[in-house]
Amino acid sequence: MGRAANWLGKYPSCFEVFSAEGGGGGELEPHFGFTKRMAALVDAEEAAVTASEPAMAGRLARVLMLARGRRLQVSKLAALRGPLGLPDDYLLRLLPAHTDLFRLSNPYPHRRNAAELELVRWAPSLAVSAVEAAATASGSAPRFTCSLPASWAKSHAKMEEFNSTPYISPYSEEWAVPGTDAEAEKRAVAVVHELLSLTLWRKMSILKLEHFKREFGLPEDTARMLLRHPCLFYVSNRYKIHTVVLREGYEGSGLREKDPVVAAKDQLGELMQEGLHEYNQRRRAANLEKRRRRGEIEVKKEEEKVEDEDAARLVSAEKREERRRFYTVLFDDANR
């Protein structure tokens with residue numbers, strides 16, 4: 001209980017610890033629960049997830065439409081749950097309500113984890129990529145857009161050259177047999193662009209992406225392909241997790257369009273950071289008092305200086321640590 005209580009104590013705005021009678025009655029035992037604010041945000045997140053179930057079904061159907069054979073192993077789909085914003089119980093939520101779209105099958109009953117999620121019918125209304133939708137809205141031909149500043153002249157020139165050949169839809173039925181290497185890369189870029197457009201955060205671990213090379217027809221060295229198209233993709237190694245980011249999905253450091261589920265998760269993250277800040281402030285005050293009692297801080301001016309320095313250091317450290325934790329949870333394969 002000691003470690004758990006210490007961890008819970010770091011987030012006083014999220015969790016409260018109290019004593020109550022155990023299941024057998026009599027002796028008091030430690031319990032914990034959500035604070036009112038945390039409970040309200042958890043309910044808001046669940047409401048956002050429930051409201052977005054139709055959109056989830058559409059995203060999942062599109063992913064299957066991108067895949068070879070219009071099916072994917074359920075065990076492999078687990079890697080896409082986080083980026084696509086699918087809850088743990090997405091199969092129980094979506095399949096009963098969308099039997100016209102999805103079907104579970106097991107072509108290899110003797111193998112463990114061989115269950116596949118299969119697309120039952122092709123949905124023409126869904127087979128429209130983000131690039132094609134933008135072209136329709138602007139009344140122009142489908143083409144990729146360079147999201148780098150105009151000063152990146154060479155990158156813009158390369159993108160113009162890349163756009164000089166016709167756009168190949170990632171939903172094309174003939175994607176498996178491209179005529180040339182250039183066409184194969186054109187479609188592979190379109191597939192990655194569409195996959196990232198379907199994710200809530202417009203980003204994905206490259207390791208996760210490479211798990212689906214065969215299913216999505218991606219090249220062996222997918223990472224190198226991404227680096228060849230800086231106008232479209234930004235490759236990050238933040239926190240030692242290689243991630244590909246769709247440039248056009250961001251304005252500065254923020255998402256251009258924030259899904260309600262993302263907004264709900266952001267509020268939870270902010271509340272956790274607020275609790276961690278409060279915990280660190282209390283810890284800093286206790287340490288300062290210990291130093292004062294030992295005579296290490298004798299002058300009030302010096303005390304104020306140390307307080308300001310400690311506060312700045314702790315705030316910076318706690319923000320870095322919390323960002324690292326959330327980033328790892330979202331994009332590290334070990335957590336999916």
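Here the structure is a predicted model, which means the values were calculated and not measured. The residue numbering used here restarts from 1 in each chain and proceeds along that chain's sequence as written. Only residues with pLDDT of at least 70 get local features here, since the model is predicted, and only at 80 or more are side-chain atom pairs given and counted; chain-wide, interface and lining totals rely on the full set of residues. By convention in this description, side-chain values take in all heavy atoms of the structure and omit both hydrogens and water.

A. Representation of the overall build of the protein within the structure. A run of DSSP states H or I qualifies as a helix once it reaches four residues; a run of E qualifies as a strand once it reaches two. Both are numbered from the N-terminal end. Looking only at helices and strands, the protein features 13 helices and 10 strands. Each residue gets one of three labels from its accessible area relative to the maximum for its type: buried under 20%, exposed over 50%, partly exposed in between, using a 1.4 Å probe on protein chains only. Every one of the 336 residues in the protein was classed for burial, and the buried ones make up 41%. When contacts within the protein are restricted to residue pairs at least 6 apart in sequence, long-range pairs at least 24 apart make up 63% of them. Only heavy atoms enter the contact rule, under which two residues are in contact if any of them lie within 4.5 Å.

B. Inspection of the layout of surface pockets at higher detail. For the second largest pocket, the calculated volume is near 350 Å³. Elements represented by at least two residues in the lining of the second largest pocket include exactly α7 (153-162) and α8 (181-198). Using protein atoms alone on a 1 Å grid, points that fit a 1.4 Å probe yet trap it form a cavity, whereas open point sets bounded by protein on both sides within 12 Å along at least five of seven lines form a pocket; residues with an atom within 4 Å of a point count as lining. Grid points are joined across faces, edges and corners, and a volume is the space filled by probe spheres set on the points.

C. Here's a closer look at the state of the cysteines. The rule for a disulfide is simple: a pair of cysteine sulfur atoms within 2.5 Å. As enumerated under the stated definition, the model contains 1 disulfide in all. One disulfide bridge connects Cys146 with Cys231, the sulfur atoms lying 2.2 Å from each other. One disulfide, between Cys146 and Cys231, carries an S-S torsion of -65° and so falls in the left-handed class. Separated by 85 residues along the polypeptide, Cys146 in the loop between α6 (130-138) and α7 and Cys231 in the loop between α11 (222-227) and β7 (233-236) bring together distant segments of the chain. Residue classification places Cys146 among the buried positions, given a relative accessible area of 16%.

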